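So the chains spell out like this:
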Amino acid sequence: MAASRAEALATEQAWLEAAQAFIQETLCAPAKERDVQLTELVIDCVKTVCLSQGRNQGFTLPLSYSFVSVKDLRTQQHLPCCSHLSWSSTAYQDWAQEAGPRGVLLPQEQLLLAGTLTDRSGDLEHECRNGSLYIRDNTGTLGCELIDLDLSWLGHLFLFPSWSYLPPTIKSSGEGHLELWGAPVPVFPLTISPGPLTPIPVLYPETASRLLRHRSKCRDVQPNLAGTLVRLSALVKSQKRAYFVLSLGGSSPAGSHVSVIVQVPAQLVWHRALWPGRAYVLTELRVSKLRGHRYWIWMTGPSSQLLPLKPECVQELELELDGPLLEADPSPPPIPCNPQDKKGPEGLVRDSRLLSYTGTITDVLNRPAGLYELDGQLGLCLAYQHLHGLRRVVRPGVRLELQDVHLLQSVGGGTGRPVLASCLRGAVLLRGFSRQMPETQSSHRAQGASLYEQLVWEHQLGLPLYLWATRALEELASKLCPHMLRHHQFLQHSSPGSPSLGLQILAPTLEVLIPPCCPSRNPQNEILEEPHHCPLQKYARLQTPCSFPTLAALKKEGECRAWDSFDPKTLLPLPEASHLPSCELNQRLAWSWLCLLPSAFHPAPVLLGVLAPSSRKGCLKLQDQSGSLLCLLLADPSQPLTDPRLIGCLVRAERFQLVIERTVRSNFPSWKELSMTGFIQKQQARVYVQFFLADALILSVPRPFFHSASSSTPPQTEPSLPEGPHGGHSRLFLLSHKEALMKRNFCVPPRASSEVPKPTLSFHVSGNWLRGTQRKEGTGWGPPEPMEDENVDQKVLLIFLGSSVRWFEFLHPGQVYRLVAPGPLQTPMLLEEGGSSCISQRPLELAGCASCLTVQDEWRLELESPQDIPEVLGINRALPETSLTDLLSGNSTDSLVSFSAEILSHLRMMPGSTGAIKRCVKLTVALETADCEFPLHLDIYIEDPHLPPPLGLLPGARVYFSQLEKRVSRSHNVYCCFRSSTYVQVLSFPPDTTISAPLPHIYLAELLQGRRAPFRATASCHVVSVFSLQLSWVCAHCTSLCPQLLSLFQGRCTCQSPSCPTQTSISQASIRLLVEDGTAEAVVTCRNHQVAAALGLRPSEWTSLLEFVRGPGRVALQFIGPGAQLESSAKMDEPLTRFLQTLCISFSVLRPIVLSFELKRKPSKIISLEPPRLQRFQCGEFPFLTRVNPRIQLSCLSIQEHPSALRALDPYC
């Protein structure tokens, strides 16, 4: 027992010695000797607090606790903690349970803290004070927060029994701070000043307000003002000064009140000691008039004091205020009432409601932006005040009292809850600390505070727009940071020399939404003026202007909409689809596309991403953190993208087209199964965007920040990186032709591996060297080196393969480029003739090139201005086009043609379909030429290895095709095919709104004018006779006959091969008509559903007729000879045959019609038109001989009844 007692005494003695040493070093004045009294007083304070627990267990000292200095807290305590000397373990557990299940509780540390409570951050007496509180010892000062401050505590030494310490969450964000939970224990007894010997003469608010209008009465007197604190403004801090305004009133809330401005630095700390509802006395006030304010106001002086109001210690001062008033009394403040909605020019303008509210923070929404959640159901915005010190305290669990806060309901812009927002007139007062640890905050979450302040104070954003802007900046930061951009760069404060990228992205939207001539905020007027006016006073519900979705989300949404809208029945209307065999049916569904505009989304999306080239596909793409999205860009209509400096730039576009090309592999047996998705075997989508750079905002990004960990773009794909220390070499060339981007075979160098070489994605360009090699000199290029022979044509072939295919989208004929090889050249001839390619000399001679060069991966291209190069001024750089005569001729020597055309249709043809031997894409284009009134139609076929086709080959787009191979079909139609030398340049995108122009109405004789005739048109004509009619039922798979009357087949196909996979039959029909309009005759072929219109049958009648044909399977009639004799495949005496014969010669068929048609053979000069022939006609007894033009072969598009025929059938006409 004695041993344990001795050990305890030794432990206590060691603790006392350590405490004494700490107190002497940390709390005693450095110049003084050991202060025994101070040491004893501090230890006595510790004993007093420790004994207050009532469970000392024989010890009077907290031996488990140790003293900590300010320096030790700042340098060694890196985690948040709390210390409660007067609490037992049970008390701490009870305190922890009150914190609730959310968050992590502050861990308890056994530390003792003592220091001087002061409002000075240093030791200098003349140091500027800003209203902040600090704890100071010999090692330094540390900011602190205290809920209920007694001004008499300032400058005194205290022991702090209950406190928490929160270190800085980010190393670069400043220092930590202390939160003082309870009242501090003074080390030295505080001197209680006795009351005044005589009552203090005071003025009450009503008298003080009247005295302001009799300023001559108070010129030589500094009265004292007494009253209840009814209003407390925010502590306004600016670069020049800091101040706040308090208002004292009488006992009645409806009575008058008087405002007092406090701007003496030593009195700013009063803001922490004032409590609304308590009564105070302000001494030695003076009258002053603020600059920019209309009225005179009471103001404290350097000797003014803030005292609690004790009725027994004051006496009302009697003043005689008779006489004329110097100025009118300002109108009394309006009583807050329910807001009234008014219809303004921008919609429903509402008044916010002023109120006071006390609540608990439940979530931090955006700390730099000052956005929080209050009581789990309200939003709280503190951005309209300067609350830098308080924001470090605010976290879940903190209790706040909000004085004169604005309540805004239904603000819109994506915010669904009501929001409380405090302007400078109201105060945000701390009423309780949080027991929870602050959330771990990454560095980027602390960025942007100055930018958010700029939105409020410089751009004058109202609350609805500010909430949307902060949410948009968060979305943008998550899209681009940290791999594409750095957070501090994206959210930096915007200045004239260093604009913020985040603000530049929002600027086009904010310029539209911010009202013009918005007055800047005047803090003094915002606090003092009546009626109250501030940015929060009036607001209108904000319709979300736009959104900034990630590229992955935009791509996914577009793909989902494309497949949701994919309906085979819509793509193939029923009248036409019911007659299509399965191969043609599935071919029509193989490719389709959907174009989505921003207006199709709500809110409208804004396209945003970093432009990067793809070395795998040779196309451009936009990138963000979520992924990439292919893009097709044009500088302007008919102006391709040529400047490689755009690589790595941030692109923002509000006008764009989101294109989804759908590719489907299906095996629908017939039109009846189109609603059954099980017949779709595979579906793919190619999603990309296309837009003009003129409609986009291009923002340059400093290169050190443009590196993506998730990007597939290698570092060498950055063409405009600054030159290294070794300089470089370059050479100018004029590009004359670019070939297709495709996989090609290249010879294998001798040192290559033994693996079988594979085709490599590559392309070629040909052009002319303009000058010799130039060396890098400083920031420019030196003079060109002389070439061997100036008179020899310097034509060169450049090969791009590997990573160098990234330049494909920037190279276009007619442009001048600089080929740059960074660093020292390994060989002097690397950019000269001969080059580094392994292509033999014979292909170069055939191509007309003197040299060949393989572009290395690390080389880059720069666009040059032709106006600065004299060698280019006399060269025609226009895109070559083949004349119409050469295009339509059958001359095989002109097999390569070039032209620009509009795409009319895009059809993917699969092997096995009609006319398709292998997989290909068929484009039907319309050529518009100056010497042709109507556009000519031409088919272009794209086969492997050019599949999939380039981006942008969509119906409605205008495209330039260079060096297509012209071919002539067996039916003497001209068509074109892609080849390795083909170059495609999209000139314009499909129009946003498709307006189908009506077909031209012509006479049939105009079709005999050759190329000046339209390919598609309408004509009013008369059906003269029927040449042939055929109705049949065939197998939907192999198109063999399917008769139903034969017991052997019973509606199954008659194919002798193994049984077809389908038992479905479809009806097919065709009819050939002879029509004339008085100028010429034409033979028109109508098919399938068009036959019903040609025969003048209603849908029910047509269906019944086809059902009658189902029995024999096929009925064919042919009318020959002058008397229209009949040849039939069926028996002549059958009712069906007689009915069709009678129908074909009746006036139901031989009638006036409006025929829409297309030429059966496309215009060409391969077959010359037949000359008119002599034909004899008999009219009664008189024979006639006349010249008759050849009959024109037409294909029917549609048949409509002629208005004259409709009038003849109308009984009322």
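The shown structure was predicted, so the numbers you read here are calculated from the model rather than taken from an experiment. (Residues numbered from 1 in each chain as written. Predicted model: local features only at pLDDT ≥ 70, side-chain atom pairs only at ≥ 80, totals over all residues. Heavy atoms only, no water.)

Visitor: Teacher, can you tell me more about the overall build of the protein here?
Guide: Check the secondary structure of the protein and you find 22 helices and 61 strands. Across the protein, every contact between residues at least 6 apart in sequence was considered, and the portion connecting residues at least 24 apart equals 72%. A total accessible area of about 58600 Å² is found for the protein, and carbon and sulfur atoms account for 53% of it. (Helix = DSSP H or I, 4+ residues; strand = E, 2+ residues; numbered from the N terminus. Contact = heavy atoms within 4.5 Å. Areas by Shrake-Rupley, 256 points an atom, 1.4 Å probe, with all protein chains shown as cover.)

Visitor: Is there a simple way to explain the nonpolar core in this structure?
Guide: Residues W163, L178 and L246 are the most contacted members of the largest nonpolar core, which totals 69 residues. In contact with W163, other than residues within four places in its own chain, are V68, L73, C81, C82, S83, H84, L111, L113, L178, E179, L180 and W181. With 61 residues, the next largest nonpolar core counts Y243, A421, M484 and F548 among its residues. (Core = buried A, V, L, I, M, F, W, Y, C linked by side-chain atoms within 4.5 Å. Buried < 20%, exposed > 50% of the residue type's maximum accessible area, 1.4 Å probe, protein only.)

Visitor: Any chance you could explain the side chain of S247 here in plain terms?
Guide: On the secondary structure map, S247 appears in strand β13 (residues 242–249). A relative accessible area of 2% means that S247 is categorised as buried. Setting aside residues no more than four positions away along its own chain, S247 makes contact with T228, L229, V230, R231, H257, V258 and S259.

Visitor: Would you mind going over the packing of helix α8 (residues 449–457) against helix α9 (residues 463–480) with me for this structure?
Guide: Helix packing for two helices is described by the angle between their axes and how far apart those axes are. The N-to-C vectors of α8 and α9 enclose an angle of 155 degrees; their axes lie 11 Å apart at closest approach. Between α8 and α9, the crossing angle belongs to the class labelled roughly antiparallel. Handedness of the α8/α9 crossing: right-handed. From α8, L451, Y452, L455 and V456 reach across to α9, where they touch Y466, A469, T470 and L473. Partitioning the contact of α8 with α9 into residue classes produces 7 nonpolar, 1 polar and no charged. (Axes fitted to C-alpha atoms, helices over the stretch in contact; angles between N-to-C directions. Parallel < 35°, antiparallel > 145°, perpendicular 65-115°, else oblique. Left-handed = near helix turned anticlockwise from the far one by under 90°. Nonpolar A, V, L, I, M, F, W, Y, C, P; charged D, E, K, R; others polar.)

Visitor: Explain the pairing of strand β48 (residues 920–927) to me, please; I cannot follow it from the model alone.
Guide: Remember that side chains alternate between the two faces of the sheet whenever the strand is regular. For β48, the tally of buried residues reaches 7 of 8 residues, placing the bulk of the element in the interior. Pairing geometry for strand β47 (residues 896–909) and β48, over 7 bridges, is antiparallel. Counterpart to E902 in the pairing with β48 is A926. Judged from the 8 bridges that link them, β48 and strand β49 (residues 936–943) form a sheet pairing that is antiparallel. Bridging across to β49, V925 finds its partner in L938. (Pairing = 2+ DSSP bridges.)

Visitor: Just to check I follow, could you spell out the state of the cysteines for this structure?
Guide: Disulfide: a covalent bond connecting the sulfur atoms of a pair of cysteines. As enumerated under the stated definition, the model contains 0 disulfides in all. Sulfur of C81: no disulfide; nearest cysteine sulfur belongs to C82 and is 7.0 Å away. (Disulfide = S-S within 2.5 Å.)

Visitor: Help me understand helix α11 (residues 501–513) in this model?
Guide: If you check α11, its first and last C-alpha atoms are 19 Å apart, about what 13 residues at 1.5 Å a residue would give, namely 18 Å. Of all the residues in α11, the buried ones are L501, G502, L503, I505, L506, T509 and L510. Summarising the contacts, the buried residues of α11 are in contact with α8, α9, α10 (487–490), β30 (607–613), β34 (650–653) and β37 (696–699). For α11, the capping residue at the N-terminal end is S500, with a side-chain oxygen 3.3 Å from the backbone nitrogen of G502. (Expected span 1.5 Å × (residues − 1). Polar contact = N/O pair within 3.5 Å; in protein donor to acceptor, adjacent residues only side chain to side chain.)

Visitor: Which parts of the structure should I look at to understand unusual backbone geometry?
Guide: If a residue is not glycine, its phi is most likely negative; likewise, a peptide bond is most likely trans. Following E530, the chain continues into P531 via a peptide bond in cis, with omega recorded as 0 degrees. Tracing the backbone shows P531 in the loop between α12 (523–528) and β28 (538–540). Phi is positive for S638, close to 70 degrees, though the residue is something other than glycine. For S638, the location among the structural elements is in the loop between β32 (627–636) and β33 (639–640). You can call S638 partly exposed: its relative accessible area is 42%. Phi at N1088 takes a positive value of approximately 55 degrees, unusual for a residue other than glycine. For N1088, the position within the fold is in the loop between β55 (1081–1087) and α19 (1089–1095).

Visitor: Got a minute to help me understand the environment of L480 in this structure?
Guide: If you trace the backbone, L480 turns up in helix α9. Exposure remark for L480: the relative accessible area of 0% places this residue in the buried category. A C-alpha to C-alpha distance of 8.7 Å links L480 and F490, two positions 10 residues apart in sequence. Setting aside its immediate chain neighbours within four residues, L480 contacts L485, F490, I505, L608, D624, Q625 and L650.

Visitor: In this structure, what is going on with the environment of S1028? I would like to understand it.
Guide: Secondary-structure assignment places S1028 in strand β53 (residues 1016–1035). Classification of S1028 by relative accessible area gives buried; the value is 17%. Separated by 43 residues in the primary sequence, S1028 and I1071 place their C-alpha atoms 5.5 Å from one another. Beyond its immediate chain neighbours, meaning those up to four positions away, S1028 contacts S1070, I1071, R1072, L1117 and Q1118.

Visitor: Hey, could you run me through helix α21 (residues 1135–1144) in this one?
Guide: Helical geometry note: an α-helix holds 3.6 residues per turn, so side chains three or four residues apart project in the same direction. Among all positions of α21, only L1136, T1137, L1140, L1143 and C1144 are buried. One side of α21 holds all its buried residues, which, seen down the axis, span an arc of 130 degrees. Opposite the buried face of α21, by more than 90 degrees, sit the exposed residues P1135 and T1142. (Arc of directions from axis to C-beta.)

Visitor: Please clarify how the environment of L154 should be interpreted in this entry.
Guide: Tracing the sequence through the fold places L154 in the loop between β5 (140–146) and β6 (156–160). Looking at L154, the relative accessible area reads 22%, which means it is partly exposed.

Visitor: How should I be thinking about the packing of aromatic side chains in this particular structure?
Guide: One pair of aromatic rings is described through two measures. These are the centre distance and the angle between the planes. Following the criterion strictly, the structure yields 18 aromatic pairs and no others. Taking 5.7 Å as the distance between ring centres and 55 degrees as the angle between the ring planes, the aromatic pair formed by W181 and F433 counts as tilted. Taken together, the residues span a long stretch of sequence, with W181 in the loop between β8 (177–180) and β9 (185–186) and F433 in the loop between β27 (427–432) and α8 at a distance of 252 residues. Pairing F733 with W769 gives two aromatic rings, centres 6.1 Å apart and planes at 85 degrees, and the pair type is edge-to-face. (Phe/Tyr/Trp six-rings, centres within 6.5 Å; stacked < 30°, edge-to-face > 60°.)

Visitor: Explanation requested: a nonpolar patch on the surface in the structure shown.
Guide: Together, F1177, F1182 and F1184 make up an exposed nonpolar region whose accessible area comes to about 330 Å². Within the secondary structure, F1177 sits in strand β59 (residues 1173–1179). (Patch = residues over 30% accessible without salt bridge, like charges linked within 9 Å, V, L, I, M, F, W, Y side chains within 5 Å. Salt bridge = Lys/Arg side-chain N within 4 Å of Asp/Glu carboxyl O.)

Visitor: Looking at this model, I keep getting lost on the packing of helix α20 (residues 1099–1110) against α21. Mind explaining?
Guide: At a minimum axis distance of 11 Å, the contact between α20 and α21 shows a crossing angle of 140 degrees. With respect to their mutual orientation, α20 and α21 come out oblique. α21 is crossed by α20, and the crossing has left-handed handedness. On α21, the residues that touch L1105, F1108 and V1109 of α20 are L1136, F1139 and L1140. Residue composition of the contact of α20 with α21, grouped by class: 6 nonpolar, no polar and no charged.

Visitor: When you look at the confidence of the model for the protein in this model, what are you seeing that I'm missing?
Guide: Detailed conclusions should not be drawn from predicted coordinates in areas where pLDDT is low. Per-residue pLDDT for the protein averages 83, and the proportion of residues at 70 or more is 83%. Note on residues 324–341: pLDDT under 50 across the span, and 28 contacts to partners over four residues away in sequence or across chains. Within the model, pLDDT remains below 50 along residues 704–725, and this stretch shows 51 contacts once partners closer than five positions in the same chain are excluded. (pLDDT = per-residue confidence, 0-100.)

Visitor: How do you make sense of the pairing of strand β36 (residues 680–692) when you look at a structure like this?
Guide: Sheet analysis places β32 next to β36, joined by 5 bridges and oriented parallel. From the neighbouring strand, L632 faces β36, where its bridge partner is Q690. Across 10 bridges, strand β35 (residues 657–666) lies against β36 in antiparallel orientation. Each residue of the ladder has a partner; that of R662, found in β36, is A685.

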